[in-house]
Each structure stands twice: as C-alpha cells, then as structure tokens.
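Chain and residue survey
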Amino acid sequence: MKKYSYTISGMHCNSCRTKVENALNSIEGAEAEVTLDPPKAEISMQEPIQISQFQEVIAQAGNYTIKVFNPNDLKLKVTETVAPAPPPNAVGKYYCPMFCEGDKVYDEPGNCPVCGMDLVTVEVSEEEENKSYTHLEHKMKIALLFTIPVFIIAMSDMIPNNPLMRITNMKTWNWVQFVLSLPVVFYAAWMFFKRAWKSVVTWNLNMFTLIGIGSGMAFLFSVFGLLFPEFFPAEFKTDGGSVHLYFEATTVILSLVLLGQLLEAKAHNKTSGALKELMKLAPVEAVLVLDGKDKVISIHDIKKGDLLRVKPGDKIPVDGKIVEGESTIDESMISGEPIPVDKKADDAVVAGTINGNQSFIMVAEKVGSETLLSQIIQMVNDASRSRAPIQKLADKIAKYFVPAVVAVSVITFLVWAKFGPEENALMYGFINAVAVLIIACPCALGLATPMSVMVGVGKGAQSGILIKNAEALEKTDKVNVLVTDKTGTITEGKPSVEKLYAIHNNEDELLQIIASLNQYSEHPLAQAVVHFAEVKNIKLSETKQFESVTGKGVVGMVSNKKVALGNKKLMDELKVSVEESLEKQVTAEQKLGKTVSYISIDETAAGFVTITDAIKKNSVKAIKTLINQGVEVIMLTGDNKNTAKAVADQLHLSSFVADCLPQDKLKVIQKWQSEGKIVAMAGDGINDAPALAQADIGIAMGTGTDVAIESAKITLVKGDLQGIVKAKQLSHAVMKNIHQNLFFAFFYNILGIPVAAGILYPFFGILLSPMIAALAMSFSSVSVIANALRLRNLKL
C-alpha cells in the first residue's frame, strides 16, 4: 500500500480528530491516521481514491476540509513516507497528487486522465497555524470590545448610586446588552455553536456540546425574556418588572472559551518550537567549488560528490567529509555536546553544524532528505504527531464524560425546580444547570497528552535523543531490562593500544619501530598502533621489505633492523626465543580477553603490545546509574568468553552472553519478554537490527549503521549509553507531566460539578455562577498548557 499525506482544516479538539479519522477509515480501501497538531492525515491506499471522496465523508462529519499535503508548508524535505513534493512549476497550476504523469501540470482544474483523481493546486499562503492564531486573535479582540460594556452594564447595580440608571432605565440597558452581545454570539464565537450542533447531529458529543448548550440556553432565555417578559412568573423578574437576563454570562463565557482557544493556538506554536529551531539549522545556500572557482548555489542544487567550500562561521550545508583543510566545529545542536570538535581531512561533518574560524573543502556524501539533520527533523515531526497509549484512556474517558455531564445538568434543573426556593426555583434550576454544563467542559483533556509529548520529543531532539513515536517515549520509563551489544555500544568499536611493554624500558623507541612497520598496512590492529604513535607525536621511519603473514602478523626492515610483530606462531616460525617471564605477562593479558602481539627485533624478543576495544568513557557511569534505578543490564556479544567476561567484570554486570549470533540476541530478548519484562535493546550494527525491532524499546547508537537506526525506536545521536539514562529521565518527566495534566484537566471539573449543581447551597448558601464556571474551565486549559511548557526547562 502507498501512503499519502493530506492537510485537514477545521479540527479544533481531540473529538474533531477522532471524527475525521473515523470518517476517512469508513472509505473502503483507505487506512487513515489523523493528528491534531499538525492537522494532518496519513492515508494508506492500495488503489487511488479521489480526494472528492475524502472531502465528502469529512464534510458530513463536520465543517472540515482536506487538501494534498504540501511539504513547503512545513519547509521540510520529504521522505518516502510523505507525499512527493509538488512539481517545481506547479504554483498556480494543477497536477495529479498521484503523479501519474510525473511533473506534468494543467492550467485548468479537472481530473487526472490516468487515475481519475481530482487535480490539485499549490496554494501560496502563510503557515496554517499562524493564520489560525491571527484569526482567533482578531475574534478575541471583537469579543472583548463588546463583552466588557455588557459586563459593566450587568454589574452596574453593584456600583454605589448606579450612574447608568441616571442615563436611562434598566429595560433600555437590557436592549443595549442584547445589541452588544450579537457580534460576540454570531461572529466571534459562532464557531462554537456550529461545532456543538454538529456534535449533537452526529451524536459525537464533545466539549463544544457543553459550551453550545450552556451558553446557547443562557442567550435564548435572555432574548425570550427581553421580548416576552409577560410570559415569565414574578420570581424571574426584578423590582422594575424586567426579567433577569444573562447576556453578560453568555458573552463572558464565550469570551473565556475563546481565550482558551487562543492560548491553545499560541501554545501549539511554542511546543513546535524545537522542530522550527531544527529547521532553521539548515542553511539556504552553499559555496560550490567548480574548476577551481567558487560559486554560490542553492542547497537544493547540491549533488553527491560535489566539492563545497565552508567558510569560517558558516553552517555546514550537507553531510560529507573534509578533503582539504581542518577546523573546529560546533556540533552541539546535533549531539548535545557543548565542546567544539576538532576536524581534519577524512573526518565526517554533519549538515547544520557550525564551522569555527578556519575554511575547508568538503565532499558532499548525503544530500536532501538523506542528511542526518533532515532525518532528525522527520523523526521529531513524526514522533510529535504520534499518540501515546495513555491518550487512548483520555479519549475513552471523554466519550462517556460528556453525556454524563449533560445528564447531571438535566437532573440539576429538575431537582432545583422541584426542591428549590419557592420564589425562584426555576431560575435557580436554570442557572445551576448552565453552570454545570460550563464548568464540566473538559477543554484541557484533548491537550493533556499531545502537548507533553510534543514538548518532550523536542526536548529530546535538542539533547541528542531522537524518539520515533509517543509510545516509545511512554514505555522507556517502564523499562526494567536493558540488553546491550558490546562492540560499538559499550565499547568504542575500534581497536586501540592499551599497553606497550618494552623489556629494556625503551617504549618510545619500540613504538617508533613497530608504528613504522605498520604504517602501510590497512589492518585495524596496525592502524591502532600507528594512531597511538601519532597521538604521542612520534615520527615514523621508512620501512623496507614489508610483508604480511596471514593469520600470524607482519615483518619488515626498519632502520636496518629486522622487525616482527605478531602472535606466538610467528615468533616460533622466526625462531625467536621468548623468555618465560614475558610469556607469563602475555598469557595474563590474553586471559583478560585482550589481543596481544609479540615484538621481536633481529630475532630477539623485545616486548609486546596489548590492543583492546576500549570501553566508552560514559559506559561505566551509565550502567551503574541504570542498575541503581533497578534496571537489569545484560551484555550480548559475538566476541569470545574471555573478552566478554573482562568487559562484564569491569562494568559489574550480573550476566552476559558471549559468541552471540543475531538470532541468539533475538531469543534472549524474547525470553525476557515472555517473563513479562519491558525490554530495551541497545545496539549499533546490522547484526543488531532484528533484536532492536523485537525489543519493546530499540535504542540505536547514532554512530552506528542506518539499518540499526531504522529498526530502533530511539536513536542516541552521540552514541553513548549515558543517552539511555537521559531518555529514561525524559520519559519519566513526560509521563509525570501527562499525569499532572490529566489531573488539571479533570480537577476543576470534578470539584466544580457538585458545587455548580448547588450541593453546598443548603449548608453554606454557596452557588457557582456560570461566569465563574467558565473561568475555572478556561483555567484548566491554561494550567495544562503552562505545565506542559515546563518540560522545556528540564535539565537532562
């Protein structure tokens, strides 16, 4: 099945999202997943389905529209899971969203002659979310402009010597309130009534059902009381004969709900800030070196193999490696590591990182959506839109909560009408029923989970922790078993010299000789020796008669001396006499799982060199922290038992498995899962991919293979286990934040419903006016927003 992306407009809450998703899934052959922020639908289909079909079903579900997703709206480079970008010449033209005819465009709308789908066009407009926020802001200003005078008129009785009554009587002021409330009800807040009506017609009750019924009843009651006061009993009237009206309650309630929507829209802008900041990292232009001359080109025109000049202070345009020059590069935005990294020829550089004070030339190796930065942006975007399992609980609660509240409101009216004060029983019943509807409105429920997830995923990306989806973010906190690969995960994944022993204590001289011997060899062990000499600034001599003896070592002439470096078999073959004390030292090193090579000069043993795969600096600390947190850490490796035991002992691991094949790693994970454990797997190689996919949480090292990263749910850009500690810390903080948000979403409602219903009135004479109820309802949304944004200050 092919997957295509569409932008949905008109969704305002989680209930809207559910309605649109259910409507799209009702079409045969379509599998849809809809997200609220961004308002997007991912639809998988075997055969092309006309966009008009999608439009028809979602229009029936509500006031929603659909259009083919334009990646330019997000300024994102698309990947395979996103619909292809429109043809470059599509602005103002029409084209097939299935690209049946490639980049062909049409001047007029119509149907694709190949697949029959509606032709679509690229709309050039400002970002949808900014447009939405600006529109809401305008409506908020209109609402305030008319609500404030309505409120002042209604509250004027509380002002000593009521100055308004000197101007005209209350009946006239009631008409003024009516006229002023019209722009609020029929323009600024009309969308709430449309959503409420649609929710009742489709019986998909949501928070707007409560807002619409509550404020609508208050408004209609007031209009009827204004036009036909003679129909109302005396208890509904003032001393002056006019009916008690609730235009101020209507306008204030609607204005407060509108304020909540405005704050929510602003919060969406803030929570997607991490994604926007990541997008800003990508430079717009690059300097192409062609025939010895520099030429400024667009970043989209860069091809693999192009030579690019990166000047001091410039952002690196694409992924590649340095071919000429050296510099210091700030990689903090990718790795989270604040210290700049020294780079020289053949070192890899990453798009979006910032060059220091020297110029260099690089070769482009990964461009467009292949760059690490583009992959990070896509992962953050996908993860932010995904839904955590805990959100299903919130959806389920909302489904039953709204009709229950409507029932409580009806019961409240009936109880007050029957048992309320004789003079104003109906009035009390009406006011309290409206207050119940308003305060119970769970506006914040739809925000509680997605906002925390979005902020958390963004925070993780800034710290070098890339989380693929919300489920991974939620589950990481519950992990109680960590299965980890050794090479490249716990260890550096490349051999390095740990010890050089010289019989005659001439270590630097001996190092100079063996490094000179190895300088032309490409074997990893040889390169480790040469690198060790480079670090110590030892100059190498010329080597003659170099020969590699398969499975044994190397021999050659250095400074007119016959030098050999290799195992015991090579020493025996060259008839080199090895002293017993030297033999014992070598055996002791080998028992620790290290690779040891004898050194002989002119057929006399001169010492040995120990080569090992060093444990990463943060591995010991990270594993100790995880064990202290109650996580059982198990190491799996394809290495021999001696090497595995040596590493396990250093890390104080309770268990390890050596000589592991990929299928063995899979079985170990399945065994722990069968015991009910939540298992995380950390690895970096192609051989780890099956285990990473099987684990509850697959954690890939960013320094590893693309296959491992693709199989994992979390990627640690920096590639060390300390990232797992940070990921658990982030997961715990996000889950705690979500639970707090769910508390805020329901606390005011559950506490307020009985008070609004009037349960305290018989004992303390306390009632909750609809205006205070609306304020409490809006405050729950503000509390959720503010609480989710606190995650941005989390220290990892």
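Everything numeric here is computed off the predicted structure, so don't read it as measured data.

The antiparallel open sheet is built from six strands, whose spatial order is S8-S7-S9-S15-S10-S13. For this open sheet the edge positions go to strand S8 (293–298) and strand S13 (348–349), each flanked by a neighbour on one side alone. Direction of pairing for strand S10 (residues 319–324) relative to S13: antiparallel, over a ladder of two bridges. From the neighbouring strand, Lys321 faces S13, where its bridge partner is Ala348.

Counting 49 residues, the largest nonpolar core has Leu482, Ile490, Ile699, Ile714, Leu721 and Ile724 as its most contacted members. No other element matches helix H25 (residues 722–757), which puts nine residues into this core. Core analysis: the second largest hydrophobic core is formed by 38 residues, Met191, Val223, Val257 and Phe430 among them.

This paragraph deals with a nonpolar patch on the surface. A surface patch of nonpolar side chains, amounting to about 340 Å² of accessible area, comprises Leu144, Ile148, Phe151 and Ile152. Tracing the backbone shows Ile152 in helix H3 (residues 128–154). Classification of Ile152 by relative accessible area gives partly exposed; the value is 44%.

Regular strands place their side chains on alternate faces of the sheet. When you tally the buried positions in strand S15 (residues 360–366), you get five out of seven residues, the bulk of the element. Across four bridges, the pairing between strand S9 (residues 307–310) and S15 is antiparallel. Among the inter-strand pairings, Leu308 is bridged to a residue of S15, identified as Met362. Here five bridges tie S10 to S15, and the two strands are oriented antiparallel to one another. By the bridge assignment for S15, Lys321 is matched with Val363.

Take helix H21 (residues 641–651) next. Taken residue by residue, H21 has Thr643, Ala644, Ala646, Val647, Ala648 and Leu651 as its buried positions. The inward-facing, buried residues of H21 contact strand S23 (604–615), helix H20 (617–628), strand S24 (632–636) and strand S25 (655–657). Of the residues one or two after H21, His652 is the one with positive phi, at around 60°.

Rules used throughout
Residues numbered from 1 in each chain as written. Predicted model: local features only at pLDDT ≥ 70, side-chain atom pairs only at ≥ 80, totals over all residues. Heavy atoms only, no water. Pairing = 2+ DSSP bridges. Helix = DSSP H or I, 4+ residues; strand = E, 2+ residues; numbered from the N terminus. Core = buried A, V, L, I, M, F, W, Y, C linked by side-chain atoms within 4.5 Å. Buried < 20%, exposed > 50% of the residue type's maximum accessible area, 1.4 Å probe, protein only. Patch = residues over 30% accessible without salt bridge, like charges linked within 9 Å, V, L, I, M, F, W, Y side chains within 5 Å. Areas by Shrake-Rupley, 256 points an atom, 1.4 Å probe, with all protein chains shown as cover. Salt bridge = Lys/Arg side-chain N within 4 Å of Asp/Glu carboxyl O. Contact = heavy atoms within 4.5 Å.

None of the figures reported here should be taken as evidence of function without further support.
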